[in-house]
Amino acid sequence: AFPRLNAIAFWMLPPALLLIWGGFLVVPFTDIQPAQTGWTMYTPLSAGVGSGTQGGVAGLGVDFMLLGLHLSGISTTMGAINFISTIFPERGEDVSWANLDIFSWTVLTQSGLILFAFPVLGSALIMLLLDRNFATTFFIGGGAILWQHLFWFFGHPEVYILALPPMGLLSLIIPKFSGRKLFGYKFVVYSTLAIGVLSFGVWAHHMFTTGIDPRIRASFMAVSLAIAIPSAVKTFN
């Protein structure tokens, strides 16, 4: 629906990539060191002064990575807005929700997940940048678990943000090339939507070793088991 928005979102990715890898790219020429925080960027390792260095300029490699990730998140969010704005009003007159192709359903659900998940990650990245450079205390001084909650609230829906479109492609391509209709089309659509909803209720199963109340752990365990059902429906169909 918005080709310029699409182009902007796409061309934000190369500078985001350069920033994320910036600490590695400039190592031969400066004393800046790359980020050494692990992909989850857990605090306090990523929040401490000098993290990501070995005697070099304190933390610039980590700052580069945080800025690059934030830029890529903005790009992804813009793309999601564009997909939603295309699928809702731009469908053909004879294309109803009942006969919308399954790949478009998965992209629509993915875009909805992005709108709820990526702004949370972006906010966490900004807070971590502020902690590192402007002496705020969002995560320093006891807020390490807060980072994990914010990161995994994004990080687990991200699994389905990555997985749903390939699932949609398989459910579209295999029936087309075999000359058959997709078995249980409605159930595949409902399972897609169910995954989208349930994916926001499982993030703390990445945090069972952090001392969370057992009653809360049990609720996240139950939802983690429940989300296996729509995934199995997709595989079966």
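The shown structure was predicted, so the numbers you read here are calculated from the model rather than taken from an experiment. (Residues numbered from 1 in each chain as written. Predicted model: local features only at pLDDT ≥ 70, side-chain atom pairs only at ≥ 80, totals over all residues. Heavy atoms only, no water.)

Novice: Would you mind showing me how to read the overall build of the chain here?
Specialist: Per the secondary structure count, the chain includes nine helices and zero strands. When its helices and strands are written in sequence order, the chain yields α-α-α-α-α-α-α-α-α. The principal-axis extent of the C-alpha atoms belonging to the chain is close to 65 × 50 × 30 Å. When burial is assessed residue by residue, the chain has 41% of its 237 residues classed as buried. Partitioning the intrachain contacts of the chain with sequence separation of at least 6 by distance along the chain shows that 73% fall at a separation of at least 24. Looking at the chain as shown, the accessible area adds up to about 12,900 Å², and 73% of this sits on carbon and sulfur atoms. (Helix = DSSP H or I, 4+ residues; strand = E, 2+ residues; numbered from the N terminus. Buried < 20%, exposed > 50% of the residue type's maximum accessible area, 1.4 Å probe, protein only. Contact = heavy atoms within 4.5 Å. Areas by Shrake-Rupley, 256 points an atom, 1.4 Å probe, with all protein chains shown as cover.)

Novice: What am I meant to see in the packing of helix 5 (residues 102-134) against helix 6 (residues 144-178) here?
Specialist: For any two helices packed against each other, the geometry is given by the interaxial angle and the distance between the axes. Axis separation between helix 5 and helix 6 bottoms out at 8 Å; the angle between their running directions is 160°. With respect to helix 6, the element helix 5 is oriented roughly antiparallel. Of the two elements, helix 5 crosses helix 6, and the hand of that crossing is left-handed. Classifying every residue of the contact of helix 5 with helix 6 gives 25 nonpolar, five polar and one charged. (Axes fitted to C-alpha atoms, helices over the stretch in contact; angles between N-to-C directions. Parallel < 35°, antiparallel > 145°, perpendicular 65-115°, else oblique. Left-handed = near helix turned anticlockwise from the far one by under 90°. Nonpolar A, V, L, I, M, F, W, Y, C, P; charged D, E, K, R; others polar.)

Novice: Quick question: what am I supposed to make of the pattern of salt bridges here?
Specialist: Taken as a whole and judged by the stated rule, the model has two salt bridges. Between Arg132 and Asp63 there is a salt bridge whose closest N-O contact spans 2.7 Å. Taken as a pair, Arg132 in helix 5 and Asp63 in helix 4 (residues 60-87) lie far apart in primary sequence, 69 residues in all. The two residues Arg132 and Asp63 agree in class, both being buried. As a salt-bridge pair, Arg215 and Asp213 come within 2.7 Å of each other at their nearest N and O atoms. (Salt bridge = Lys/Arg side-chain N within 4 Å of Asp/Glu carboxyl O.)

Novice: I keep staring at the packing of helix 7 (residues 185-198) against helix 9 (residues 228-236) and nothing clicks. Help me out?
Specialist: Put simply, helix 7 and helix 9 touch, their axes get as near as 8 Å, and they point 150° apart. One element, helix 7, and the other, helix 9, form an angle in the roughly antiparallel class. Read as a crossing pair, helix 7 and helix 9 show a hand that is left-handed. Residues Phe187, Val188, Ser191, Thr192, Ala194, Ile195 and Leu198 of helix 7 lie in contact with helix 9, whose contacting residues are Pro230, Ser231, Val233 and Lys234. Residue composition of the contact of helix 7 with helix 9, grouped by class: seven nonpolar, three polar and one charged.

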